[in-house]
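Summary of structural features
Each chain, letter by letter, is given below.
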Amino acid sequence: MNTKLKVILVGDGRVGKTSLINQFVKQTFKTDYIMNTSADKYKKEIEIDDITLNLEIWDTIGQEIYASINKIFMKNSNIAILVYDITSQESFLKLDNWFQQIIDINNKNNIIIGMCGNKSDLFEKEKVNKDDAKKFALDKKIPFFETSAKDYQSIFNVFNQLCKEYIKKEKELQKRIINNQLDINDTELIANRNNRKKSLYIHSNKNHNNSSNDNNDSLNNSNGNNNINIKKKKNCC
Ligand code: GTP
């Protein structure tokens with residue numbers, strides 16, 4: 001089973017993506033806001049049903065002007081978490097757009113998607129109708145969660161449930177491999193994984209003499225020519 005998972009959090013600026021990740025990874029919550037201008041990577045190990053999963057969690061950029069950079073980071077994701085802020089109707093209305101971006105970039109049959117109505121502690125200022133949110137989730141056939149980045153358990157539940165879903169899907173895939181029953185989606189998934197491994201290998205070779213670490217990623221642009229060096233403002237893992 002592939003135990004290294006790429007998880008991405010997407011959603012408008014200020015909805016709480018960074019805060020949710022910080023709570024999940026470091027059990028911290030900060031009230032100040034520093035706008036994210038780069039996609040940051042965090043790591044966390046999680047154990048589910050005796051299986052250790054190594055999560056690589058990507059905090060994407062909420063601001064629309066960075067959409068093209070976000071798309072690079074969204075590729076080859078295993079799990080995507082759509083986040084909106086329950087006190088911002090606008091952030092909820094943009095979810096459809098985020099959902100479309102994810103499934104355009106990844107194979108929709110192979111990515112697990114969940115949706116969070118964040119800042120549940122601010123329920124008195126709630127602007128998004130919960131029934132609308134539930135209907136959205138139902139239409140897209142994705143689970144709906146209410147989270148508060150102040151509350152570890154709420155975000156743990158999201159990761160726990162989505163990772164369980166991932167394990168279930170992986171086990172079904174293993175069965176199809178053993179029984180020689182792979183379908184077109186499976187072969188696409190396996191080909192993508194192989195390509196990803198290859199590109200990671202090429203990338204790590206390119207950076208072999210480079211002192212860059214996880215806190216300062218560098219990646220090729222779509223032409224494969226110039227490197228986009230993205231400086232991180234925040235401390236990730
Ligand atoms: P971008 O970097 O612009 O993409 O924003 P983001 O989605 O990463 O939001 P961020 O985590 O930086 O949070 C924005 C603001 O909302 C910060 O001031 C946080 O403290 C606050 N915040 C985030 N989550 C919660 C929450 O669950 N409850 C409350 N009360 N505040 C939250």
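Throughout what follows, the structure given in this document is the object of discussion.

Criteria and thresholds
- Think of each chain on its own: its residues are numbered from 1, step by step along the sequence as written.
- Residues qualify for local features only when their pLDDT is at least 70, as the model is predicted, and side-chain atom pairs are given and counted only at 80 or more; totals for whole chains, interfaces and linings, by contrast, use all residues.
- Comment: elements are numbered from the N terminus, with helices defined as DSSP H or I runs of at least four residues and strands as E runs of at least two.
- Residue pairs qualify as contacts under a 7 Å threshold applied to their C-beta atoms, which are placed from the backbone.
- Each residue receives a C-beta atom placed from its backbone. It is near a molecule or strand if this atom lies within 6 Å of it.
- Lys, Arg, Asp and Glu make up the charged group, whereas Ala, Val, Leu, Ile, Met, Phe, Trp, Tyr, Cys and Pro make up the nonpolar group; the residues left over, Gly among them, are polar.
- Fitted lines through C-alpha atoms serve as axes, helices being fitted only where they are in contact, and the angles separating the N-to-C directions of these axes extend from 0 to 180 degrees.
- Here roughly perpendicular refers to angles of 65 to 115 degrees, roughly parallel to angles under 35, roughly antiparallel to angles over 145, and oblique to all remaining angles.
- Residues with at least 20 other C-beta atoms within 10 Å of their own are called buried, those with 12 or fewer are called exposed, and the rest are partly exposed. The C-beta atoms themselves are positioned from the backbone.
- The directions from the helix axis to the C-beta atoms are what the arc is built from.
- For our purposes the nonpolar core covers buried Ala, Val, Leu, Ile, Met, Phe, Trp, Tyr and Cys residues that link as a set through C-beta atoms within 7 Å.

Helix and strand counts for the protein chain stand at seven helices and eight strands. Within the protein chain, contacts between residues separated by at least 24 positions form 71% of all contacts whose residues are at least 6 apart in sequence.

This part covers the site of the ligand. If you check the shell around the ligand, you find 22 residues, and the closest are Gly-13, Gly-16, Ser-19, Asn-36 and Gly-62. When residues in the shell around the ligand are grouped by element, the largest group, three residues, is from helix α1 (residues 17-26). For the shell around the ligand, the residue count by class is six nonpolar, nine polar and seven charged.

Between α1 and helix α6 (residues 152-178), the shortest axis-to-axis distance is 9 Å and the interhelical angle comes to 90°. On the basis of the axis angle, α1 is roughly perpendicular to α6. From α1, Leu-20, Gln-23 and Phe-24 reach across to α6, where they touch Tyr-152, Ile-155, Phe-156 and Phe-159. For the contact of α1 with α6, a count of residues per class yields six nonpolar, one polar and no charged.

A separate point is helix α4 (residues 95-105). Those residues of α4 lying buried are Leu-95, Trp-98, Phe-99 and Ile-102. The buried residues of α4 occupy one face: seen down the axis, they fall within an arc of 100°. Opposite the packed face of α4, turned more than 90 degrees from it, sit the exposed residues Gln-100 and Asp-104.

A positive phi is found at Asp-50, a non-glycine position, where the angle reads about 65°. With respect to the secondary-structure elements, Asp-50 resides in the loop between β2 (40-48) and β3 (51-59). You will see that Lys-141, though not glycine, has its phi angle at about 60°, which is positive. Position of Lys-141 relative to the elements: it lies in the loop between α5 (130-140) and β6 (144-146). The class for Lys-141 is exposed, based on 7 C-beta atoms found within 10 Å.

Counting 45 residues, the largest nonpolar core has Ala-80, Ile-81 and Leu-82 as the members making the most contacts within it. For this core, the elements supplying multiple residues, two or more each, are β1 (4-10), α1, β3, α2 (67-74), β4 (79-85), α4, β5 (112-118) and α6. When residues no more than four places from it in sequence are discounted, the contact partners of Ile-81 are Val-7, Leu-9, Gly-114, Cys-116 and Val-158.

With that settled, the discussion passes to the environment of Ile-167. The topology assignment puts Ile-167 in helix α6. As a C-alpha pair, Ile-167 and Asp-49 span 118 residues in sequence and 9.3 Å in three-dimensional space. Residue contacts for Ile-167: discarding those within four places in its chain leaves Ile-48, Asp-49 and Ile-51.

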